[in-house]
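Residue-level listing of the chains:
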Amino acid sequence: MKLTVETVGPCKKRLKVEVDAEAVKAEVEEHLQEASAHAQLPGFRKGRVPRAMLEKRFGPQIQEEARDHLMSESYRKALEQEKLSPLGEPTVDKVEFDLAKGLVYEATLEVRPEFELPPTKDIPLARKAVLVGEADLEAGLAELRRQHVEWTPAPAGTALKRGDLAVCPLALKDGEKPLWARAEVGVGRHDTPLGALPTGPADKLLEGHKAGETRQVVATLPADFSREDLRGKMVTISVTVQDVRHEKLPEVDDAFAKAMGVDTLAALKDQVRAHLLRRKEADAHHQLEEDLVSYLIEKTAFELPQDALEAQTQDSLRRATVDLLMQGVPESQVKENLEKLQASSRTFAERRLRTMLILARIAEQSKVFVTESDVEDRIRQAAATRGERPEAVRKRLEKEGGLGSLRASIRESKVIDLLLSRAKLEAKA
C-alpha cells in the first residue's frame, strides 16, 4: 500500500491510498473462492458451480465486495500508520478500481486536534456557600401550594383572565379537514404554551374569551410533535373555551402538612428546607463543573475542526428553534431572530466541542474507562426516572445508536469527578 497525506485545513487531512494490482487480484480471488464454496445455482450442487459461470453471474458483485473490503482495510491501516484519530466518517472520492492497475482512492477526514493540556491537579476553584434562608423557605412553600392548587368553576359568562384555567377541546385542521383532536385539555396557566402546540402563550391566546367561544391560529407543528406524519406541517389550531375555572390555593397550616404526609407545619417546613438545600447543593455543584470547564478551555488553545463545529452548530440551532417554538414563540419571530440564534448556537457548539475534545484527551491521559457496569447503572437510573424497564431503555438506545453517546457522557462525568477530586477548592460567599 502506498500512502500520501496532505493537510487541507484545520484538523483536516486528505489521504491518497494506492493498493497495487497484485493485492487487488488476491483479494478478488479470495472473495471468488468464498462465493464458490457457498454458491448454489439451478442444476448444480452447492459449491459445484463452474468458475466461468460464477464469474459471469456474480463477477461484478464479487469485485464490488472485494473493493469495499480493501478500502476499509487500507483506510484502517492508513490511520494506524499515521496515528490519526478521526472525527466521524471520511468523505471518499476519486475511486479507481481495476484488476490490472489496482485500487486508488482519496479520503478526506477531520482528525482530533493536537494540543498541550494544562496541569490537571490543584485547579483553583471556588465553591459557593449553600444556605437556605427564610425567603427561600417561603418561596418553596409557595411553590408547593401551586402544585396542589384546586380549580373551582367560575360563574357562567366569566371571561378568562390571566392565571385562570380554561378547559378546552383542541383540534388541528388542514382547511376544513380534521387531522387531530383532544377533548377537555386544561390550558391557560400564566405564560404556559398550549401543550406542544406553537400558539404562543395560552393565556394571551384565550384571554377575555368566555365558555363557548373559539379561537383559531395558523402555525407550523414542531419537529417532535406526537403524530409523526404531522411534524413540520402548517395547520389551523382550533381552541374552544368549554369551561373557565379560578385557582384556589390551599392554606399553609397543619392540615396542609398532614395532606403532604407529615404531622405538623414545622415538620413540613423542615422537609421543604431539606429539599431546597439539596437543590441548591446540586446547583452549586453544577456551577463548579461549569467553572472547571471554563478553566480548561481558557488554558487550552487549539484550532477546532470546522466540519465537526458546523455539525454541532446546526444541531444546537435545531434544538434551540424547537425549544422556542415549544415555549410559544411564534415561528415568524423565531425566523426574524435567526441570525442571533445562529450566533448563540455557534458559541454554544464551540464550547461544547472544545469541552468534548479536552475531556477526551484527559480521559486518555488519566486512563479513565467506562465499564459495562457503568453503562448498566446509568440505564437503570434513566429507566427509574422514566418509569420504564431497563431492557426497554437499552433497546431504544441500541436502535437509535445512542449507546456510544451514553458511554461518552459517562466518561466525561468520570473525568470531571476526577478533576474536582484533585482541585484546590475554596469557599465563597
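Use the structure listed above.
A brief structural summary. Nothing here was measured: the structure is a model prediction, and the numbers come from that model.

**Here we look at the layout of surface pockets**
No. 1: Taken as a whole, the largest pocket spans an internal volume of roughly 570 Å³.
No. 2: As for the largest pocket, its lining consists of 28 residues, and the residues nearest its centre are Leu-87, Gly-88, Arg-112, Leu-353 and Met-356.
No. 3: Secondary-structure elements contributing two or more residues to the lining of the largest pocket are β4 (102-110), α7 (306-326), α9 (338-366) and α12 (403-422).
No. 4: Class assignment of the residues belonging to the lining of the largest pocket gives a composition of 13 nonpolar, seven polar and eight charged.
No. 5: For the second largest pocket, the calculated volume is near 280 Å³.
No. 6: What lines the second largest pocket is a set of 13 residues, and nearest its centre among them are Glu-290, Val-293, Arg-352, Thr-355 and Glu-412.
No. 7: The element best represented in the lining of the second largest pocket is α9, accounting for five residues.
No. 8: Here the residues of the lining of the second largest pocket sort into four nonpolar, four polar and five charged.

**Considerations on the pattern of salt bridges**
No. 1: Per the counting criterion, the structure on display carries 29 salt bridges.
No. 2: One salt bridge connects Glu-106 with Lys-94, and the closest N-O pair in it is separated by 3.9 Å. With a gap of 12 residues between them, Glu-106 in strand β4 and Lys-94 in strand β3 (residues 91-98) connect regions that are remote in the sequence.
No. 3: Classification of Glu-106 by relative accessible area gives buried; the value is 14%.
No. 4: Residue classification places Lys-94 among the exposed positions, given a relative accessible area of 58%.
No. 5: Among the salt bridges present, the one from Glu-412 reaches Arg-352, with a minimum N-O distance of 3.0 Å. Remark: Arg-352 occurs in helix α9 and Glu-412 occurs in helix α12; sequence separation between them is 60 residues.
No. 6: Residue Arg-352 is classed as partly exposed on the basis of its relative accessible area, which comes to 28%.

**As for the packing of helix α6 (residues 265-299) against α12**
No. 1: Running from N to C, α6 and α12 point in directions that differ by 90°, and their axes come no closer than 11 Å. Comparing their axes, α12 and α6 come out roughly perpendicular. Contacts between α6 and α12 involve His-285, Leu-288, Glu-289, Leu-292 and Leu-296 from the first element and Ile-416, Leu-419 and Leu-420 from the second.
No. 2: A breakdown of the residues in the contact of α6 with α12 according to their chemical character gives six nonpolar, one polar and one charged.

**Things to note about a negative patch on the surface**
No. 1: Taken together, Glu-30, Glu-34, Glu-64 and Glu-65 make up a surface patch of like negative charges.
No. 2: Among the elements of the structure, α1 (21-38) and α2 (51-82) are those that each provide at least two residues to the negative patch.
No. 3: Classification of Glu-30 by relative accessible area gives exposed; the value is 51%.

**Section: the packing of aromatic side chains**
For any pair of aromatic rings, geometry is given as the distance between the ring centres together with the angle between the planes.
No. 1: One pass over the full model with this rule turns up one aromatic pair.
No. 2: When the centroid spacing of 4.3 Å and the interplanar angle of 20° are considered together, the rings of Phe-115 and Phe-302 count as stacked. Of the two residues, Phe-115 is situated in the loop between β4 and β5 (124-128) and Phe-302 in the loop between α6 and α7; the sequence distance between them amounts to 187 residues.
No. 3: The exposure class assigned to Phe-115 is buried, which follows from its relative accessible area of 10%.
No. 4: The ring centre of Phe-302 lies 4.9 Å from the NZ or CZ of Arg-354, which sits over that ring.

What counts, and at which threshold
Residues numbered from 1 in each chain as written. Predicted model: local features only at pLDDT ≥ 70, side-chain atom pairs only at ≥ 80, totals over all residues. Heavy atoms only, no water. 1 Å grid on protein atoms, 1.4 Å probe; cavity = no way out; pocket = protein on both sides within 12 Å on 5 of 7 lines; lining within 4 Å. Points joined across faces, edges and corners; volume = space filled by probe spheres on them. Helix = DSSP H or I, 4+ residues; strand = E, 2+ residues; numbered from the N terminus. Nonpolar A, V, L, I, M, F, W, Y, C, P; charged D, E, K, R; others polar. Salt bridge = Lys/Arg side-chain N within 4 Å of Asp/Glu carboxyl O. Buried < 20%, exposed > 50% of the residue type's maximum accessible area, 1.4 Å probe, protein only. Axes fitted to C-alpha atoms, helices over the stretch in contact; angles between N-to-C directions. Parallel < 35°, antiparallel > 145°, perpendicular 65-115°, else oblique. Contact = heavy atoms within 4.5 Å. Patch = residues over 30% accessible without salt bridge, like charges linked within 9 Å, V, L, I, M, F, W, Y side chains within 5 Å. Areas by Shrake-Rupley, 256 points an atom, 1.4 Å probe, with all protein chains shown as cover. Lys, Arg positive; Asp, Glu negative; His and termini not counted. Charge placed at Lys NZ, Arg CZ, Asp CG, Glu CD. Phe/Tyr/Trp six-rings, centres within 6.5 Å; stacked < 30°, edge-to-face > 60°. Lys NZ or Arg CZ within 6 Å of the ring centre and 35° of its normal.

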